[in-house]
Every structure is written in C-alpha cells, then in structure tokens.
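# Coordinate inspection notes
The lines below spell out each chain.
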Amino acid sequence: MSVLESASTIAESAAAFARPMVSALAAGGRDLLAMRTVARIGTDPPRGWDRLADC
C-alpha cells in the first residue's frame, strides 16, 4: 500500500485507486471475490440498503 501526498497528481490518485482492483483481478482468489462482492453491492444494492443513506 502506498501513501499519497496532499500534492499528488490526478494520475497518482487514479493509480492508487485502481492498483488494488487490478491486483485482485490478477491474483484471483479471495481478493477477487471481495472485489466482485463490493462491485455487485454498488451496482445492485440489496433490498433495504437505502436505509443507510441518511447515516
């Protein structure tokens, strides 16, 4: 894991955001399963998920 400085560029920020996802895709296994679960919840939230919107 790398730490971004407050003066990080857009490219550095984008790379820091994407790097864990690309690593999970390449590695497979549990990391990929976790990424797929997060993506699924983001695109198709379970029933009742909207109750957390006001938190």
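Quick caveat, the model's predicted, so the values are computed rather than measured.

## A closer look at the overall build of the protein
Along the backbone of the protein there are two helices and zero strands. For 55 residues, the compact-globule estimate of 2.2 N^0.38 gives 10 Å, and the protein exceeds it by more than 25% at 15 Å. Looking at the protein residue by residue over its 55 residues, the buried ones come to 5%. Accessible surface, the protein as shown: approximately 5000 Å² in total, 61% of it carbon and sulfur.

## With respect to the pattern of salt bridges
Across all of its chains, the model carries one salt bridge by this definition. For Arg 40, the salt bridge goes to Asp 44, with nearest N and O atoms at 3.2 Å.

## Topic: the packing of helix H1 (residues 10-27) against helix H2 (residues 29-43)
Between H1 and H2, whose axes approach to 7 Å, the crossing angle comes to 125 degrees. Here H1 lies oblique to H2, going by the angle between them. Our pair here, H1 against H2, has a crossing hand that is left-handed. Contacts between H1 and H2 involve Met 21, Ala 24, Leu 25 and Ala 27 on the former and, on the latter, Gly 29, Asp 31, Leu 32 and Met 35. Taken together, the residues that form the contact of H1 with H2 break down as six nonpolar, one polar and one charged.

## Concerning the environment of Ala 16
Note on placement: Ala 16 falls in helix H1. With 13 residues separating them along the chain, Ala 16 and Val 3 place their C-alpha atoms 8.4 Å apart.

Calculation notes
Residues numbered from 1 in each chain as written. Predicted model: local features only at pLDDT ≥ 70, side-chain atom pairs only at ≥ 80, totals over all residues. Heavy atoms only, no water. Helix = DSSP H or I, 4+ residues; strand = E, 2+ residues; numbered from the N terminus. Rg over C-alpha atoms; globule rule 2.2 N^0.38 Å. Buried < 20%, exposed > 50% of the residue type's maximum accessible area, 1.4 Å probe, protein only. Areas by Shrake-Rupley, 256 points an atom, 1.4 Å probe, with all protein chains shown as cover. Salt bridge = Lys/Arg side-chain N within 4 Å of Asp/Glu carboxyl O. Axes fitted to C-alpha atoms, helices over the stretch in contact; angles between N-to-C directions. Parallel < 35°, antiparallel > 145°, perpendicular 65-115°, else oblique. Left-handed = near helix turned anticlockwise from the far one by under 90°. Contact = heavy atoms within 4.5 Å. Nonpolar A, V, L, I, M, F, W, Y, C, P; charged D, E, K, R; others polar.

Purely geometric stuff here, so don't read any function into it on its own.
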